[in-house]
Amino acid sequence: MATNRTFTMLKPDAVSNGYIGGILKMINDAGFRIVAMKYTKLAAETAGAFYEVHKERPFYGELVSYMSSGPIVAVILEKENAIADFRTLIGATDPTKADAGTIRKIYAKSISANAVHGSDSDENAQIEGDFFFSKLERF
Ligand code: IDP
Ligand code: MG
């Protein structure tokens, strides 16, 4: 069943470059409501667990060390058709291939440091949101 929710992280490059406000404004302007939000930093072990599904991919080590290199903002978002609409808003994984006007086109530096995460399915949005937030932290 579609939950109308997705999960995002503003990644270390977005935070260190001062883009939290700009990215959250784009998310708000696109009609997403913030259900939960947390400013935190992932230990390498925690980042490794979050990206467990990518364990066999060649960039896994790079991804884990990058995602634990500085603070991130974890957010649960709500909107009709949230998963697909958010993937459209962020653009392609590789910012050089992302459409004009997308978050990654505007804010991302590289395919690895690509500013934001976006869940790829309802099931993963649920798993990823549960990874960061308790019931008491959702509104
Ligand atoms: P997505 O974030 O657009 O869903 P995924 O394929 O799920 O892309 O990859 C997860 C994350 O791993 C990407 O957001 C990016 O940070 C990193 N990544 C993906 N492909 C590469 C690559 O070829 N080199 C380095 N990092 C990559
Ligand atoms: Mg993905």
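Okay, so let's go over this structure. All values derive from a computational prediction rather than experimental measurement. (Residues numbered from 1 in each chain as written. Chains lettered and ligands numbered in written order. Predicted model: local features only at pLDDT ≥ 70, side-chain atom pairs only at ≥ 80, totals over all residues. Heavy atoms only, no water.)

## With respect to the environment of Asp13
Here comes step 1: Residue position: Asp13 is located in helix H1 (residues 12-16).
Here comes step 2: Distance in space between the C-alpha atoms of Asp13 and Met67 is 9.0 Å, their sequence separation being 54 residues.
Here comes step 3: Setting aside residues up to four positions removed in sequence, Asp13 forms contacts with Tyr66, Tyr107, Ala108, Lys109, Ala113, Asn114 and Ala115. (Helix = DSSP H or I, 4+ residues; strand = E, 2+ residues; numbered from the N terminus. Contact = heavy atoms within 4.5 Å.)

## A closer look at the pairing of strand S3 (residues 72-78)
Here comes step 1: The element S3 is extensively covered by neighbouring structure, given that six of its seven residues are classed as buried.
Here comes step 2: The pairing of strand S1 (residues 5-10) with S3 spans six bridges and is antiparallel. When the sheet's bridge partners are listed, Thr8 is paired in S3 with Val75.
Here comes step 3: Across seven bridges, strand S2 (residues 33-40) lies against S3 in antiparallel orientation. Bridge pairing in S3 links Thr40 to Ile72. (Buried < 20%, exposed > 50% of the residue type's maximum accessible area, 1.4 Å probe, protein only. Pairing = 2+ DSSP bridges.)

## Some details on the pattern of salt bridges
Here comes step 1: Under the definition given, this model contains eight salt bridges.
Here comes step 2: The closest approach of N and O atoms between Lys55 and Glu52, which form a salt bridge, is 3.2 Å.
Here comes step 3: Judged by relative accessible area, which is 45%, Lys55 ranks as partly exposed.
Here comes step 4: As a salt-bridge pair, Lys79 and Asp85 come within 2.5 Å of each other at their nearest N and O atoms.
Here comes step 5: The class for Asp85 is partly exposed, based on a relative accessible area of 24%.
Here comes step 6: Sharing partners across several salt bridges, the network here consists of Arg5, Arg33 and Glu78. (Salt bridge = Lys/Arg side-chain N within 4 Å of Asp/Glu carboxyl O.)

## Points about the side chain of His117
Here comes step 1: With respect to the helices and strands, His117 occurs in strand S4 (residues 116-118).
Here comes step 2: Given the relative accessible area of 9%, His117 is considered buried.
Here comes step 3: A polar contact of 2.9 Å, which involves the side chain of His117, links it to the side chain of Glu128.
Here comes step 4: With near-sequence residues (within four places) excluded, His117 lies in contact with Phe7, Thr8, Met9, Lys11, Phe50, Tyr51, Phe86, Ile90, Arg104 and Glu128. (Polar contact = N/O pair within 3.5 Å; in protein donor to acceptor, adjacent residues only side chain to side chain.)

## A word on the packing of aromatic side chains
Here comes step 1: Inspection of the entire model under this criterion finds nine aromatic pairs.
Here comes step 2: Ring centres of Phe132 and Phe133 lie 6.3 Å apart, and the angle between their planes is 45 degrees; on these two criteria the pair is classed as tilted.
Here comes step 3: Looking at Phe132, the relative accessible area reads 10%, which means it is buried.
Here comes step 4: By the ring-pair criterion, three or more aromatic residues cluster together here, those being Phe7, Phe50, Tyr51, Phe131, Phe132 and Phe133.
Here comes step 5: Across from the ring centre of Phe32, 5.6 Å away, lies the NZ or CZ of Lys79, which sits over that ring. (Phe/Tyr/Trp six-rings, centres within 6.5 Å; stacked < 30°, edge-to-face > 60°. Lys NZ or Arg CZ within 6 Å of the ring centre and 35° of its normal.)

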